[in-house]
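Now for the letters of each chain:
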Amino acid sequence: WSARELIKTNASNRERMQINILTIGKPDAVFQKVIEYYEKKCRNYYRVNLIQLRDSKVKDIPVKIKEEENSLLKSLPRGYQCVLDERGVQFDTLQFAEFIKNHVERSIDLNFIIGGAYGLGQAVKDTADKIIRLSDFTLQHDVAYTVLLEQIYRAFTLMKNVPYHK
């Protein structure tokens, strides 16, 4: 392929396929710079939308989870739903890159859903086409958001044979 054809193909894929990351709450400032860094790098490959929904201010935890669940359900874009949960399947980096690549090749939008401080309600989990575990550790949601975004970028570089993955 010529460079012009490759750029045209990449632009075409960017317009068709997109990845949405839905999360509850705005990341702490400590994480914001890293998130912005990887968000910008991801845009060189495919469209990545970060959808940050307002966290509930209710003190009652079950009510808080339900309100956040309703917010997520109302905001879910069409596409393949991936819920991040500690009981999900865990990929290694190459498996995750292959998972992303399969959706890119079929132009299927991917939605990654990250819960708030108290997790996700069952109704959100029930929408999942796949439940993914990022780690055997329980991760604070800003950490999960950052790790996911970095792994998406890493998957893009693997797919395009760009030196980043070591």
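Residues numbered from 1 in each chain as written. Predicted model: local features only at pLDDT ≥ 70, side-chain atom pairs only at ≥ 80, totals over all residues. Heavy atoms only, no water.

(A) Quick peek at the sheet that holds strand β1 (residues 18-24). The parallel open sheet is built from five strands, whose spatial order is β2-β1-β4-β3-β5. Looking along the sheet, the strands with just one partner apiece sit at the ends: β2 (47-53) and β5 (130-132). Across this sheet, the average inter-strand angle for adjacent strands is 30°, counted without regard to direction. As paired elements, β1 and β2 share seven bridges and run parallel to each other. What sits directly across from Ile24, in β2, is Leu53. (Pairing = 2+ DSSP bridges. Helix = DSSP H or I, 4+ residues; strand = E, 2+ residues; numbered from the N terminus. Axes fitted to C-alpha atoms, helices over the stretch in contact; angles between N-to-C directions.)

(B) Geometry of the packing of helix α2 (residues 29-42) against helix α6 (residues 141-159). At their nearest, the axes of α2 and α6 sit 9 Å apart, and the two run at 25° to each other. Here α2 is positioned roughly parallel relative to α6, judged by the angle of their axes. Of the two elements, α2 crosses α6, and the hand of that crossing is left-handed. Across from Phe31, Val34, Ile35, Tyr38, Glu39, Lys41 and Cys42 in α2, the residues of α6 making contact are Asp142, Val143, Tyr145, Thr146, Leu149, Glu150, Ile152, Tyr153 and Phe156. (Parallel < 35°, antiparallel > 145°, perpendicular 65-115°, else oblique. Left-handed = near helix turned anticlockwise from the far one by under 90°. Contact = heavy atoms within 4.5 Å.)

(C) Layout of the side chain of Ser135. Position of Ser135 among the secondary structure elements: in the loop between β5 and α6. Ser135 gets classed as buried once you look at its relative accessible area, which sits at 15%. Within the local environment of Ser135, its side chain forms a polar contact with the backbone nitrogen of Phe137, the two atoms lying 2.9 Å apart. (Buried < 20%, exposed > 50% of the residue type's maximum accessible area, 1.4 Å probe, protein only. Polar contact = N/O pair within 3.5 Å; in protein donor to acceptor, adjacent residues only side chain to side chain.)

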